[in-house]
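Residues per chain are reported as follows:
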Amino acid sequence: MNSNQNSQSKNAIVRNLVLAVSVIVVAVVGFYFGMKYGQRSSFSASQVRYIGVLVLVVLDAIFGGIRAEIQDMFDIVIFASGIAVGGLMAVWLLFLGDLFGIDLSLAAVVTFGGRIFQNVSIIRRILIEKIRRAR
C-alpha cells in the first residue's frame, strides 16, 4: 500500500470515529435535555409507550446509518424511509396491541433493542479491523 492510500485509509478511519463520537455526544445531550425537560410535561402511560418505542426506532435508524456509512453504503433515502416505515410499523403494532388488549411494546423493545446492539457490535468490529489494517 502506498503512502497516499495509507493516508486516505487513516482519514477514513478518523472520519468514521468522529462520526461515531458525534452521534454519541448528540445522544447524551439529547438524553440530558429529555430528562431535564421531560419531567415537566405530562404524558399518559399509553403515550409514554408510543414515545419510547419511537425513540428506539430512531436510535435503530441512527446506528444503522452509522454502520452503513462506515461500510460506505449509506443512502439518505434508505435512512429516512427506515425511520418513517419503522416508526409507522411500530406505532401500528402498538395500536393493534391496544385494540386487542395485548402489550406489544415489549416485543418492540426486544426487537429494536436487539437490532441496536447488533449494529453497535458490527460498528465496533469494523472500526477495529480498519484500525488494525491502518497500522
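Residues numbered from 1 in each chain as written. Predicted model: local features only at pLDDT ≥ 70, side-chain atom pairs only at ≥ 80, totals over all residues. Heavy atoms only, no water.

Asks: In this structure, what is going on with the nonpolar core? I would like to understand it.
Replies: Val53, Phe63, Ile66, Ile70, Ala90, Phe112 and Ile123 are the most contacted members of the largest nonpolar core, which has 17 residues in total. Contributions of two or more residues to this core are made by α2 (45–70), α3 (76–100) and α4 (105–134). (Core = buried A, V, L, I, M, F, W, Y, C linked by side-chain atoms within 4.5 Å. Buried < 20%, exposed > 50% of the residue type's maximum accessible area, 1.4 Å probe, protein only. Helix = DSSP H or I, 4+ residues; strand = E, 2+ residues; numbered from the N terminus.)

Asks: Help me understand unusual backbone geometry, please; the structure alone is not making it clear to me.
Replies: With the exception of glycine, the majority of residues adopt a negative phi angle, and the majority of peptide bonds are in the trans configuration. One non-glycine residue, Asp72, lies in the positive phi region at around 55 degrees. Mapped onto the elements of the fold, Asp72 is located in the loop between α2 and α3. Classification of Asp72 by relative accessible area gives exposed; the value is 61%.

Asks: Whenever I open this one, the packing of aromatic side chains confuses me. Can you help?
Replies: The description of an aromatic ring pair rests on the distance of the ring centres and on the angle between the ring planes. If you walk through the whole model with that rule in mind, you get one aromatic pair. Seen in terms of ring centroids, Phe74 and Phe79 are 5.7 Å apart; in terms of plane orientation they differ by 50 degrees. Their pairing is tilted. (Phe/Tyr/Trp six-rings, centres within 6.5 Å; stacked < 30°, edge-to-face > 60°.)

Asks: Any chance you could explain α3 here in plain terms?
Replies: Along an α-helix, a turn takes 3.6 residues, which lines up residues three or four apart on a common side. Under the 1.5 Å per step criterion, the end-to-end length of α3 is 36 Å for 25 residues, consistent within 8% with the ideal 36 Å. Of the positions making up α3, those classed as buried are Gly86, Gly87, Ala90, Leu94 and Gly97. Looking at the buried residues of α3, the elements they touch are α2 and α4. Of the residues that open α3, the one with a side-chain oxygen 3.2 Å from the backbone nitrogen of Val77 is Asp75. Immediately downstream of α3, the backbone of Gly101 shows phi near 75 degrees, a positive value. (Expected span 1.5 Å × (residues − 1). Contact = heavy atoms within 4.5 Å. Polar contact = N/O pair within 3.5 Å; in protein donor to acceptor, adjacent residues only side chain to side chain.)

Asks: For this particular structure, what's the right way to read the packing of α2 against α3?
Replies: For any two helices packed against each other, the geometry is given by the interaxial angle and the distance between the axes. Packing of α2 against α3 brings their axes to within 9 Å, and their N-to-C directions diverge by 155 degrees. Considering the angle they form, α2 stands roughly antiparallel to α3. Our pair here, α2 against α3, has a crossing hand that is right-handed. Residue-level contacts link Arg49, Tyr50, Val53, Leu54, Val57, Val58, Ala61, Ile62 and Gly65 of α2 to Phe79, Ile83, Gly86, Gly87, Ala90, Val91, Leu94, Phe95 and Asp98 of α3. When grouped by side-chain class, the residues that make up the contact of α2 with α3 number 13 nonpolar, three polar and two charged. (Axes fitted to C-alpha atoms, helices over the stretch in contact; angles between N-to-C directions. Parallel < 35°, antiparallel > 145°, perpendicular 65-115°, else oblique. Left-handed = near helix turned anticlockwise from the far one by under 90°. Nonpolar A, V, L, I, M, F, W, Y, C, P; charged D, E, K, R; others polar.)

Such coordinate-based values are descriptive only and should not be taken to indicate function.
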